[in-house]
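# Survey of secondary and tertiary structure
Each chain, written out:
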Amino acid sequence: MKYSEIVSSNRELANTIQSSSYKIGVLNNVTVSNLVDILEYTLRIEKINGVVSLGNYDNIVQDASLFSNNDAVIMFWEIANVMPGAYYNIELLPDSAYNALYKKLVSEIDIVLDTLKEIPVILFNKFTALPFTHYFINENKIDRLCTQLNEYLEEKNQTNLKLVNTEKVFAKVSIEQSIDLRNFYLFKALHSNRYFIEWSNFVRPIFMSVSGHSKKALYLDCDNTLWGGVLGEDGIDDIKMSSRDSTGAIFEEVQALYKELANKGVIVGLCSKNNETDVDQVLDSHEDMILKESDLAIKRVNWENKADNIKDMTDAINIGLDSVVFVDDSDFELNFVKDKLKEITTLKVPRQLFSYPTLIRENMELFYNFSMTEEDVSKITMYREQKKREQAKPEFGDMEGYLKSLGLVLTIHVDSRKHVKRIAQITQKTNQFNLTTKRYSEAEIEQFFCDEKYKVFSFSLEDNFGNYGLTGLSIIRMSNEDKAELDTFLMSCRVIGRNVEYAFFNTIIDILKKEDVKELTGSYLKTKKNGLVKNLLNNFGFEKGDEIDHLILDRFIPKKVDFIKVDSL
Amino acid sequence: MQDKIKKVISLILEAPIDSINENFSTESTEQWDSLTHIKLVLALEEEFDIRLEEDDIVNAISYKNIVSIVDTLTS
């Protein structure tokens, strides 16, 4: 796309986009003005309303504080311009001056990172002198300086800091197309429009992740997707998935990539038209299968149409269709599914098999997770446990009996510091059972712990089949002596449908009563995804008001949920 | 060609197309500063598939001059 087309499309999108502004600040010591429209456009087509402001040229330290309330800050801190003519002068510096420069830069980095320690995301381009040193075999002083500074950054234990390896962007675009020295000499504009476009594409998954837009589930067909050949026709012995032959080698590689995703907490499932027992036999006993039963969270292997199966699987794991990626080799299946389920992302196994692994690599970052937590890594275990729960369901005639049989235990935490990372993550990821959809960073949650006015309630849930982990949150803000406000009330999709929200809310009210709170106010902030909690406040017993709803604690009647055991810590 | 130039200038400088005439220059237009100048130069180069010399960049400070420069480079 041409730059002028991007500018014009960006302007149109700015006028029509619904979501609230996602404020991004760019601190820079080179001219990056063309980045503004390019990055905004890249985010707006993904429905993130990115609004980019530039700090003043070469005022990185001074302008950091301007952005201390932003949603994200990007550092375009070029080594080429850290001092006048750095890109040729650093080579000539005596050791003492070189060391002084290093120390100065390190203390500036400290100031900037400290000023911005509360914001959710800092994208820091790693220092590189590649545009000027890619000609040379040996490492230059300026390369050495970059290495030292990057090592310093890597050792910083700041959770909101994400280092961006821009050399990967150069590798993709080529130095020649990334850097326009004419513009650098005239305007100190080092980077080309093409570079900004590829840089924006490279970091896009980060923004998708922090605004809850990253994909969560990957559904795979089997025949000619996981293995070469058709199981029903070729038989278990002749399907190919091993590097013993060139076709099998491709399928072995993509299975390894899918397994990598499963290990990172992506929900991997099968959606195949086959006899279930045939596929199970392959999963259990084929010695070349890399993807195993234990990697799969869910399967629909039958002769029904795939759109129904996919809808069914997605409902079962309680996510949105727009969080799903589906891979199949058949145009027919993909078109059918895409036609019926417009929100899902589909990928077709290329006819040229050698391009298949690349296609997957190109799309793996759709699942990028900005802040991996233990919950992510153990998610597969949780979904397997969920499979077991579903298998147990048919034995019980009624819901109540079934829920009782689960042996649910709810553990409530108040202002729990050790869960700060997970608490922040759950505000960023939860879209459906979320009353107000307020997104908070770890620093903001820490702030709430320190502030007497705030109480952060969270819960962990387990049952006879396993542990769901920390899956619910409510943030209460005391407004004055006896009034409080329900700032946040959310639960992870995995624990919906068990009336846990009632047990949680009952306990919160108990605790608030002990603190002499007489009235709790709250409102439902409607979004496209949270229709599920439209009536939540009403169900809790709030009285509807003009702008906000009220609950008088003395009049609160807790809903009976005796099949859930509650532990308060 | 003049229409295309006006379109690019209008888009990049956020100026109404009718205001782009003989008198339109960095002097007459507040939002035409050094930062928007480089955006404009790059956009014109991309649009016409041309490459401006350093002198051209320095001189491209009015609609009139831009037309003359683009004309020279595209013929």
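Refer to the structure printed above.
Residues numbered from 1 in each chain as written. Chains lettered and ligands numbered in written order. Predicted model: local features only at pLDDT ≥ 70, side-chain atom pairs only at ≥ 80, totals over all residues. Heavy atoms only, no water.

## Observations regarding the overall build of chain A
- When its secondary structure is counted, chain A shows 24 helices and 17 strands.
- In terms of overall size, chain A behaves like a compact globule, its C-alpha atoms giving a radius of gyration of 27 Å where 569 residues would be expected to give roughly 25 Å.
- For chain A, the spread of C-alpha atoms along the principal axes amounts to about 80 × 75 × 45 Å.
- Considering chain A as a whole, with its 569 residues, one finds that 55% of them fall into the buried category.
- In chain A, the proportion of contacts linking residues at least 24 apart, taken out of those at least 6 apart, comes to 74%.
- Carbon and sulfur atoms provide 47% of the accessible area of chain A, an area that totals close to 25600 Å². (Helix = DSSP H or I, 4+ residues; strand = E, 2+ residues; numbered from the N terminus. Rg over C-alpha atoms; globule rule 2.2 N^0.38 Å. Buried < 20%, exposed > 50% of the residue type's maximum accessible area, 1.4 Å probe, protein only. Contact = heavy atoms within 4.5 Å. Areas by Shrake-Rupley, 256 points an atom, 1.4 Å probe, with all protein chains shown as cover.)

## Some thoughts on the sheet that holds strand 2 (residues 50-54) of chain A
All names here are of chain A.
- Strand order in the open sheet formed by five strands is 2-1-3-4-5, with parallel pairing between adjacent strands. Each edge of the open sheet carries a strand with a single partner, namely strand 2 and strand 5 (161-164). Each strand axis lies, on average, 20° off the axis of its neighbour in the sheet, ignoring direction. (Pairing = 2+ DSSP bridges. Axes fitted to C-alpha atoms, helices over the stretch in contact; angles between N-to-C directions.)

## Observations concerning the packing of aromatic side chains
Residue and element names in this part refer to chain A.
- A complete count under the given rule lists 28 aromatic pairs over all chains for this structure.
- A ring pair is formed by Tyr22 and Phe207, whose centres lie 5.8 Å apart and whose planes are at 85°; its orientation type is edge-to-face. Of this pair, Tyr22 sits in strand 1 (residues 22-28) while Phe207 sits in helix 11 (residues 193-210); the two residues are 185 residues apart in sequence, bridging distant segments of the chain. We note that Tyr22, like Phe207, is buried. (Phe/Tyr/Trp six-rings, centres within 6.5 Å; stacked < 30°, edge-to-face > 60°.)

## Observations regarding the interface of chain B and chain A
- If you look at the interface, chain B gives 17 residues, while chain A gives 18 residues.
- Taken together, both faces of the contact between chain B and chain A bury some 1600 Å²; the carbon and sulfur share is 59%.
- Where B:Glu45 meets A:Arg182, a salt bridge forms, and the shortest distance between an N and an O atom there is 2.6 Å.
- Counting the contacts that link chain B with chain A gives five residue pairs in polar contact (both at pLDDT 80 or more).
- Listing elements by their share of the side of chain B that touches chain A, those giving two or more residues are helix 1 (2-13), helix 2 (34-48) and helix 3 (54-59) of chain B. (Buried area = accessible area lost by both parts, 1.4 Å probe. Salt bridge = Lys/Arg side-chain N within 4 Å of Asp/Glu carboxyl O. Polar contact = N/O pair within 3.5 Å; in protein donor to acceptor, adjacent residues only side chain to side chain.)

## With respect to a negative patch on the surface
All names here are of chain A.
- Together, Glu233, Asp234, Asp237 and Asp238 give the surface a local cluster of negative charge.
- Within the element layout of this structure, Asp237 appears in the loop between helix 12 (231-234) and helix 13 (246-263).
- Note on Asp237: relative accessible area 70%, which makes it exposed. (Patch = residues over 30% accessible without salt bridge, like charges linked within 9 Å, V, L, I, M, F, W, Y side chains within 5 Å. Lys, Arg positive; Asp, Glu negative; His and termini not counted. Charge placed at Lys NZ, Arg CZ, Asp CG, Glu CD.)

## Quick look at the packing of helix 21 (residues 420-429) of chain A against helix 22 (residues 442-450) of chain A
Residue and element names in this part refer to chain A.
- At a minimum axis distance of 8 Å, the contact between helix 21 and helix 22 shows a crossing angle of 115°. Every pair of crossing elements has a handedness; the one defined by helix 21 and helix 22 is right-handed. In this structure, helix 21 contributes Val420, Lys421, Ile423 and Ala424 to the contact, and helix 22 contributes Glu442, Ile445, Glu446 and Phe449.
- Of the residues in the contact of helix 21 with helix 22, the class split is five nonpolar, no polar and three charged. (Left-handed = near helix turned anticlockwise from the far one by under 90°. Nonpolar A, V, L, I, M, F, W, Y, C, P; charged D, E, K, R; others polar.)

## Quick word on the pattern of salt bridges
- Counted under the stated rule, the structure contains 32 salt bridges over all chains.
- A salt bridge links A:Asp110 to A:Lys156, with the shortest nitrogen-to-oxygen separation between them at 2.6 Å. With A:Asp110 in helix 5 (residues 95-115) and A:Lys156 in the loop between helix 7 (141-155) and strand 5, the pair connects residues that are 46 residues apart, well separated along the chain.
- Assessed through its relative accessible area of 25%, A:Lys156 is described here as partly exposed.
- With a closest N to O distance of 2.8 Å, A:Lys299 and A:Asp280 form a salt bridge. Residue A:Lys299 is located in strand 8 (residues 298-302), and its partner A:Asp280 is located in helix 14 (residues 276-285); the two are separated by 19 residues in the primary sequence.
- Sharing partners across several salt bridges, the network here consists of A:Lys2, B:Lys4 and B:Glu47.

## So, the nonpolar core
Residue and element names in this part refer to chain A.
- Counting 70 residues, the largest nonpolar core has Trp199 and Phe207 as its most contacted members.
- It is helix 11 that provides the largest number of residues to this core, a total of eight residues.
- In contact with Trp199, not counting residues within four places along its chain, are Leu35, Leu39, Ile74, Phe76, Leu123, Asn125, Val164, Thr166 and Val169.
- Ranked by size, the runner-up nonpolar core spans 43 residues in total, among them Met478, Phe505, Leu536 and Leu553. (Core = buried A, V, L, I, M, F, W, Y, C linked by side-chain atoms within 4.5 Å.)

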